[in-house]
Structure formats: C-alpha cells, structure tokens
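# Observations on chain architecture
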Amino acid sequence: MRGLRGLVVLVVSAAIALALTGAAPSASASPAAQLVVLTIPAKFGGGVALELLPSEKAPAPARFVTYVPAGYAVDTSVAPGTIIGLLGALYYTKSIPIDVANVALKTGDPATLPGDPAAQACAAGTHAAFWTATFKVGKSSVTIRFYVDPTTGAETALGAFKLVSCLASPYVPLAQGGAPGGLRYDILVASLFRPTGSIVTNPNSGTFLWRTFVTPYSVGAGTLNDAGTFEARTHVLIPHILTAHARYLRRTKTVLVTGKLSALGKPRGGLRVEILATGKGLAADWGKVRTHADGSYSLRRRVRPGPRARHLELDVYLASVGGPCVDPPVAPAGCVDENVSPPNDATAKVKIPKRPKK
C-alpha cells in the first residue's frame, strides 16, 4: 500500500481502501450522502478527485448535480476519446456482497448527446462536454457519465461549473432500465488527472465550497423523487498538508511515527489522525491520535524484530470532518452534511531490523 491519497494514480484506491478497513469518512453520524474533494498535487498533474458517498441506509440516489466553485477552471475542449482520469467504485448487488471497479474515465463527443435518450433523460439539452466510464458487473456493462457545463444565470451563485451524473435504479429489473442485480454504491470516485496536466485547474490558495445536490429514487420504483432532493457540501482548503515520518527505536523495540497537519499556512490542532501499516503479510490499523495545538502528532507502536528484516509502509490520513450545514439549505429536502475535505494522505517507510543472534 502506498500513500493512497498522496499518489495520484492511487487516489481511487484511497477511498476504497479506507472503506474496506472500516475508516469512517466523517466524524458525524452517516448522512444520506457525503461529498469529499481531494486536491491532487501539482507534481502529479494537479486536478481533483471527487468522492460521492451515498448511504446504503438512505433511498438509492438517482442523480447527482455537483457544482465546482469559482476559482477552478474546467477544460471542456478536450478531444473525444481522451483518457482524463479514473473512475472508481465500491459497490454491491443482491448476489455480490462487495466488489471494486477501477476503470479509465474518458471524454465523449457532446455532439452525440441531443439524439441520445439516456443523456436527455438525465440532463436534457446540449452540453459543453461529457465524461464517460464503463465497467462490468457480472455479465452486464454499467456506464456512468458526467455531463459538464459552465453555469449561467442564478446557478453561478452555486458554482462556476456543474457536473450532472445519473445512476440506474436498483429497485427495478434490468429489462425495465434498472441496475443489474440491484446494483448500489458505497463510493464513487472520479479522479481527474493526467500526466500532462489535469482538465481541472486548481486555485493557488483559499477556502472553496463544493456542493452536490442528490435526487433519490422513490423507494421500490424507477421514478425520481424530486421533492426528496437534498444537498451535501464540502470545504476544500488550499494548501492543506499532512506530513509523516517514521523511525525504528531499537532500544524500546518501537516504531515512532510523527508529523504535522496544517491548512492555509496555519496548524490544525485537535483533529484525529489515523495510521495504517502494511508490509509483507501485514495490513493493520495502528491506531488513532489527535494533533496538538501546533498541528503535530506522534504515535508509538511496539514491533518486535523477527528472523528477517522487514519493511513497513505507514499510511497516515485524516478523515473528513462533517457536521451540520451552516448556511440555509436551497434543496427541497435540506442539507444533510457539511464537511472539510481532508488533505492527501502522508506516507512513511520504516525498516524493522532482524532479531539479533544470541
């Protein structure tokens, strides 16, 4: 395991791996959905990774309308068929308890959309661009699209661009346009990057409010419950930095992990940092620790030497910090979550020496 959010090519795996290890995306009780936006480092091409996290306890989502705040730029002129990133999904069906998809996200040809019934049903009209990804669930193909447009009129108050995506209903059979096997998602991640530069240009610094409006299906049906549309929000802090260092202390046979958390050039204290350790034959949650007022943290873990030297990789991450929505809601069913998106994971490697001979 690498520094999952710290390496652009593994951003999709980050959210999925944290979910599989039981790491909660928020400190609050699970809302109907959450939005988390990760900032990809410039050295990996920049851009963002959008995490949509619907709750399995809520009605299945039918449509997401996500607003990209002013300060970001989205290139809608990329040629059709260009790979612009990855789409990741953690999903389940009636016969599959859990599975993962991780496939290329490509640009489509917006000129084809006016005559496309599926596109018009999801987001009617013409669009500046769209992105598409297809993966297999059993013997069926599943395609997820994002229809992309700059906002106009009153919508500019919500963001500079909007991304619309729709999911098939898990409540109706495949023959009626439903999702195969009652397919539902725990996580959807659109990681927008490419080595030559992302189609999303990030601002240099500041605090930016992203929002997504989720329209659920009526339970047991394939029809949208427009009156049930709700909002989830996330604040992205740029820069937002988490560091990690590790060393083995032979005298006490412990690994000492230290680092700092800061945002907008200031320390962030009182927040919980969690640490995962991976190595040959090992994948373990090493524990949780809160940052001090100066943003620093430290954790010691006893690791006994074995017959051979071992190399461990430590993944240090901060869960998104959720809570009640601050501003008045604009969605019919209100706002369900407002969080602060975490920084990229920090990683550190440490060598555990072999046990000395007696």
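Residues numbered from 1 in each chain as written. Predicted model: local features only at pLDDT ≥ 70, side-chain atom pairs only at ≥ 80, totals over all residues. Heavy atoms only, no water.

### Points about the pattern of salt bridges
This model, assessed by the stated rule, comprises seven salt bridges. We note a salt bridge from Glu338 to Arg233, for which the minimum N-O separation is 3.2 Å. Linking Glu338 in strand E22 (residues 335–340) with Arg233 in strand E13 (residues 230–238), this pair joins segments that are 105 residues apart in sequence. Note on Arg233: relative accessible area 1%, which makes it buried. Residues Lys288 and Asp285 are paired through a salt bridge, measuring 3.9 Å at the closest nitrogen-oxygen approach. Among the residues examined, Asp285 registers a relative accessible area of 37% and is labelled partly exposed. It is possible to trace a salt-bridge network through shared partners that takes in Arg211, Glu231, Arg233 and Glu338. (Salt bridge = Lys/Arg side-chain N within 4 Å of Asp/Glu carboxyl O. Helix = DSSP H or I, 4+ residues; strand = E, 2+ residues; numbered from the N terminus. Buried < 20%, exposed > 50% of the residue type's maximum accessible area, 1.4 Å probe, protein only.)

### As for the sheet that holds strand E6 (residues 99–107)
Spatially, the 12 strands line up as an open sheet ordered E1-E2-E10-E5-E6-E7-E8-E9-E3-E12-E13-E22, and their pairing is mixed. At either end of the open sheet lies a strand with only one pairing partner, and these are strand E1 (33–39) and E22. Averaged over all neighbouring strand pairs, the angle between strand axes comes to 20°, with direction disregarded. Sheet topology note: the strand E12 (residues 206–216)/E13 ladder contains nine bridges and is antiparallel. Looking at E13, one finds that Phe213 is bridged to Glu231. (Pairing = 2+ DSSP bridges. Axes fitted to C-alpha atoms, helices over the stretch in contact; angles between N-to-C directions.)

### Details of the nonpolar core
Counting residues in each nonpolar core, the largest one holds 44 residues, and the members touching the most others are Trp131, Phe135 and Tyr185. Among the elements that line this core, the one with the most residues is strand E7 (residues 129–137), at five residues. Here Trp131 is in contact with Val74, Ile84, Leu105, Lys106, Thr107, Ile144, Arg145, Phe146, Val148, Leu163, Leu192 and Ile199, once residues within four sequence places are set aside. Counting 23 residues, the second largest nonpolar core, distinct from the first, contains Ala244, Val289, Tyr297 and Ala348. (Core = buried A, V, L, I, M, F, W, Y, C linked by side-chain atoms within 4.5 Å. Contact = heavy atoms within 4.5 Å.)

### Thoughts on the environment of Ala227
Looking at where Ala227 falls in the secondary structure, it is placed in the loop between E12 and E13. Considering only alpha carbons, one finds Ala227 and Lys280, 53 residues apart in sequence, at a separation of 51 Å.

### Topic: the side chain of Thr234
Take Thr234: it is sitting in strand E13. Judged by its relative accessible area of 0%, Thr234 is buried. Once you skip the residues sitting within four places of it in the chain, Thr234 turns out to touch Leu35, Val36, Val37, Phe208, Leu209, Trp210, Asn339, Val340 and Ser341.

### Some points on the packing of aromatic side chains
Going through the model one piece at a time under the given rule, you end up with six aromatic pairs. Residues Tyr72 and Trp210 carry aromatic rings whose centres are separated by 5.0 Å and whose planes lie at 75° to one another, so their mutual orientation is edge-to-face. Of this pair, Tyr72 sits in the loop between strand E3 (61–68) and strand E4 (73–74) while Trp210 sits in strand E12; the two residues are 138 residues apart in sequence, bridging distant segments of the chain. Accessibility classification places Tyr72 together with Trp210 in one group, the buried group. Aromatic pair Trp131 and Phe146: ring centres 6.3 Å apart, planes at 45°, arrangement tilted. Of this pair, Trp131 sits in strand E7 while Phe146 sits in strand E8 (residues 140–150), and the two are 15 residues apart along the sequence. Judged by relative accessible area, Trp131 falls into the buried class, the value being 2%. You can call Phe146 buried: its relative accessible area is 6%. Among the aromatic residues, those joined into a ring-pair cluster are Tyr72, Phe208 and Trp210. (Phe/Tyr/Trp six-rings, centres within 6.5 Å; stacked < 30°, edge-to-face > 60°.)

### Regarding the pairing of E1
Most of E1 sits out of view: six of its seven residues are buried. Note that E1 and strand E2 (residues 48–54) share seven bridges and pair antiparallel. Counterpart to Val37 in the pairing with E2 is Leu50.

### Here we look at the pairing of strand E9 (residues 161–166)
With six bridges joining them, E3 and E9 adopt antiparallel strand pairing. Bridge assignment links Val68 to a residue of E9, and that residue is Phe161. Relative to E9, E8 is paired through four bridges, and the arrangement is antiparallel. In the sheet register, Val148 faces E9, and the bridge partner there is Leu163.

### Here we look at the side chain of Thr229
Looking at where Thr229 falls in the secondary structure, it is placed in the loop between E12 and E13. Accessibility expressed as a relative area gives 11% for Thr229, which makes it buried. For Thr229, the side chain forms a polar contact with the side chain of Thr215, separated by 2.8 Å. Among residues more than four places away in sequence, those in contact with Thr229 are Phe213, Val214, Thr215, Pro216, Ala331, Pro332, Ala333 and Gly334. (Polar contact = N/O pair within 3.5 Å; in protein donor to acceptor, adjacent residues only side chain to side chain.)

### What about the state of the cysteines?
In this structure the tally under the stated criterion is two disulfides. The residue that forms a disulfide with Cys122 is Cys166, at a sulfur-sulfur distance of 2.0 Å. The S-S bond linking Cys122 to Cys166 shows a torsion near 90°; that makes this disulfide right-handed. Residue Cys122 is located in helix H2 (residues 117–122), and its partner Cys166 is located in strand E9; the two are separated by 44 residues in the primary sequence. In this structure Cys122 comes out as buried when scored by relative accessible area, which is 10%. Relative accessible area serves as the criterion here: at 23%, Cys166 is assigned to the partly exposed category. The disulfide partner of Cys325 is Cys335, and the gap between their sulfur atoms is 1.9 Å. The sign of the -70° torsion about the S-S bond sets the Cys325-Cys335 disulfide as left-handed. (Disulfide = S-S within 2.5 Å.)

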